Amino acid sequence: MMQTRASRSWQSDPAARYARRNGLDPSLPRATDRPARRPLAISNWLMAVAAMVFLMVVVGGITRLTESGLSITEWKPVTGAIPPLTQSEWQHAFELYQRTPEYLEINCPAGMTLAQFKFIFFWEWLHRLIGRLIGVVFAVPLVWFAAKRAIPQGYGWKLVGLLVLGGLQGVLGWYMVMSGLVDRTDVSHFRLSAHLLLALTIMAACVWVALDLRQLAKTGASRPARLNGSSVIVLAALFIQLLFGRGSRA
Ligand code: HEM
């Protein structure tokens with residue numbers, strides 16, 4: 001007898017074959033028809049975000065080492081993604097920078113040219129651009145996973161918490177820049193410490209939640225990892241070292 005396409009797919013569907021063998025009605029909703037929790041997909045996505053935050057830490061370090069941090073004197077979260085494109089736009093950005101104490105006291109006496117200004121502008125612009133990208137790469141899939149009801153129970157608030165921490169990091173970045181635009185020639189070391197520590201906290205939290213989700217995907221049981229006594233001591237030592245190491249650097 002000729003097999004129709006429907007009966008062929010019926011035979012090739014393992015879940016349907018299982019239902020038939022066990023006397024179940026294959027037309028009834030199956031476990032896989034429930035909203036699919038996607039722990040592994042969410043874990044992979046968080047690992048990618050953590051990798052981007054790592055890149056951000058590297059670019060942030062370059063921004064600091066090249067003393068580029070105060071070159072962008074305006075806070076334009078959306079339109080600032082486009083750098084100056086014409087000669088007059090560059091001139092305008094340079095003029096704004098020329099009002100800062102860093103320029104007046106350090107770079108003006110050193111004879112900074114527009115080309116040198118463009119160099120420091122590039123690193124700070126790249127740093128902020130990657131920050132914007134991380135925001136998009138985090139927020140868009142989060143909305144998508146939430147709409148698909150794919151977030152496993154107990155993880156929604158953790159993901160929203162990560163989003164809030166990321167937003168806070170952006171605001172803190174600007175708060176830090178503000179500290180260097182008047183009265184002083186560099187950013188406040190306390191704010192810089194907070195910026196660095198929050199960056200590392202966000203990266204660690206992304207990896208932590210991602211590993212918990214991997215475990216959930218593997219075993220089907222949600223057993224979030226906890227800190228034990230010795231890891232608390234190591235973390236506290238690291239925290240103090242980073243806080244004072246950054247806070248005291250001239
Ligand atoms: C996910 C977002 C961000 C991360 C992970 C991040 C991370 C970092 C890190 C690790 C550093 C180096 C700190 C150090 O050497 O102690 C840094 C520097 C810096 N960041 Fe960010 N940052 C982020 C967003 C921003 C934003 C949105 C701004 C500005 C609005 C900003 C402004 C700066 C500035 C100005 C510096 C250099 C400070 C200096 O002059 O020495 N950051 N960032």
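Basis of the calculations
- Residues numbered from 1 in each chain as written.
- Predicted model: local features only at pLDDT ≥ 70, side-chain atom pairs only at ≥ 80, totals over all residues.
- Helix = DSSP H or I, 4+ residues; strand = E, 2+ residues; numbered from the N terminus.
- Near = placed C-beta within 6 Å.
- Nonpolar A, V, L, I, M, F, W, Y, C, P; charged D, E, K, R; others polar.
- Axes fitted to C-alpha atoms, helices over the stretch in contact; angles between N-to-C directions.
- Parallel < 35°, antiparallel > 145°, perpendicular 65-115°, else oblique.
- Left-handed = near helix turned anticlockwise from the far one by under 90°.
- Contact = placed C-beta atoms within 7 Å.
- Core = buried A, V, L, I, M, F, W, Y, C linked by C-beta atoms within 7 Å.
- Buried ≥ 20, exposed ≤ 12 C-beta atoms within 10 Å, placed from the backbone.
- Expected span 1.5 Å × (residues − 1).
- pLDDT = per-residue confidence, 0-100.

J.: Looking at this model, I keep getting lost on unusual backbone geometry. Mind explaining?
T.: The phi angle of most residues is negative, glycine excepted, and most peptide bonds adopt the trans form. Despite not being glycine, Glu-67 shows a phi value in the positive range, around 55 degrees. Structurally, the position occupied by Glu-67 is in the loop between helix 3 (39-65) and helix 4 (87-97). A positive phi is found at Asp-183, a non-glycine position, where the angle reads about 65 degrees. On the secondary structure map, Asp-183 appears in the loop between helix 7 (156-179) and helix 8 (189-219).

J.: Sorry if this is basic, but what is going on with the site of the ligand here?
T.: As a structural note, the neighbourhood of the ligand is formed by 27 residues, with Gly-60, Arg-64, Gly-69, Gly-173 and Ala-199 the closest of them. For the shell around the ligand, the secondary-structure elements that each account for two or more residues are helix 3, helix 6 (114-147), helix 7 and helix 8. Among the residues forming the shell around the ligand, the class breakdown is 12 nonpolar, 11 polar and 4 charged.

J.: Please clarify how the packing of helix 3 against helix 6 should be interpreted in this entry.
T.: The packing of two helices is summarised by the inter-axis angle and the distance between the axes. Axis separation between helix 3 and helix 6 bottoms out at 9 Å; the angle between their running directions is 165 degrees. As summarised for this structure, helix 3 and helix 6 are arranged roughly antiparallel, according to the angle between their axes. Of the two possible hands of crossing, helix 3 and helix 6 adopt the one that is left-handed. Between helix 3, through Ile-42, Trp-45, Val-49, Met-52, Val-53, Leu-55, Met-56, Val-59, Gly-60, Ile-62 and Thr-63, and helix 6, the contact on the second element is made entirely by Trp-123, Glu-124, Leu-126, His-127, Ile-130, Gly-131, Leu-133, Ile-134, Val-137, Phe-138, Pro-141 and Phe-145. Grouping the constituent residues of the contact of helix 3 with helix 6 by class yields 18 nonpolar, 4 polar and 1 charged.

J.: Which parts of the structure should I look at to understand the nonpolar core?
T.: For soluble globular proteins, the rule of thumb is that nonpolar side chains tend to be buried together. Counting 24 residues, the largest nonpolar core has Ile-42, Leu-46, Val-49, Val-53, Cys-206, Val-209 and Leu-213 as the members making the most contacts within it. Counting only elements with at least two residues in this core, the list comes to helix 3, helix 6, helix 7 and helix 8. When residues in this core are grouped by element, the largest group, 9 residues, is from helix 8. Not counting chain neighbours up to four residues away, the residues in contact with Leu-213 comprise Pro-39, Ile-42, Ser-43 and Tyr-155.

J.: In this structure, what is going on with the environment of Ile-134? I would like to understand it.
T.: Of note, Ile-134 is situated in helix 6. Accessibility expressed as a C-beta count within 10 Å gives 19 for Ile-134, which makes it partly exposed. In the structure, Ile-134 is positioned 86 residues away from Ala-48 in sequence and 9.7 Å away in space, judged by C-alpha atoms. With near-sequence residues (within four places) excluded, Ile-134 lies in contact with Val-49, Met-52, Val-53, Met-56 and Gly-166.

J.: For this particular structure, what's the right way to read helix 8?
T.: Note that an α-helix has 3.6 residues per turn; residues three or four places apart therefore point the same way. Counted at 1.5 Å a residue, the expected span for helix 8 with its 31 residues is 45 Å, and the 45 Å between its end C-alpha atoms agrees. Listed in full, the buried residues belonging to helix 8 are Leu-192, His-195, Leu-196, Ala-199, Ile-202, Cys-206, Val-209, Ala-210, Asp-212, Leu-213 and Leu-216. Positioned one or two residues after helix 8, Gly-220 has a phi angle of 80 degrees, which is positive.

J.: Explain helix 6 to me, please; I cannot follow it from the model alone.
T.: The terminal C-alpha atoms of helix 6 lie 48 Å apart, and with 34 residues this matches the ideal 50 Å at 1.5 Å per residue to within 8%. Regarding helix 6, the residues found buried are Phe-117, Ile-120, Phe-121, Trp-123, Glu-124, Trp-125, His-127, Arg-128, Phe-138 and Phe-145.

J.: Would you mind showing me how to read the confidence of the model for the protein chain here?
T.: In regions of low pLDDT, the predicted coordinates are not meant to be interpreted in detail. Per-residue confidence for the protein chain gives a mean pLDDT of 88; residues scoring 70 or more make up 84%. Mean pLDDT in the protein chain bottoms out at helix 1 (residues 5-12), which sits at 50, and peaks at helix 6, which reaches 98. A low-confidence stretch, residues 1-7 (pLDDT under 50), is modelled with 1 contact involving residues beyond four sequence positions or located in other chains.

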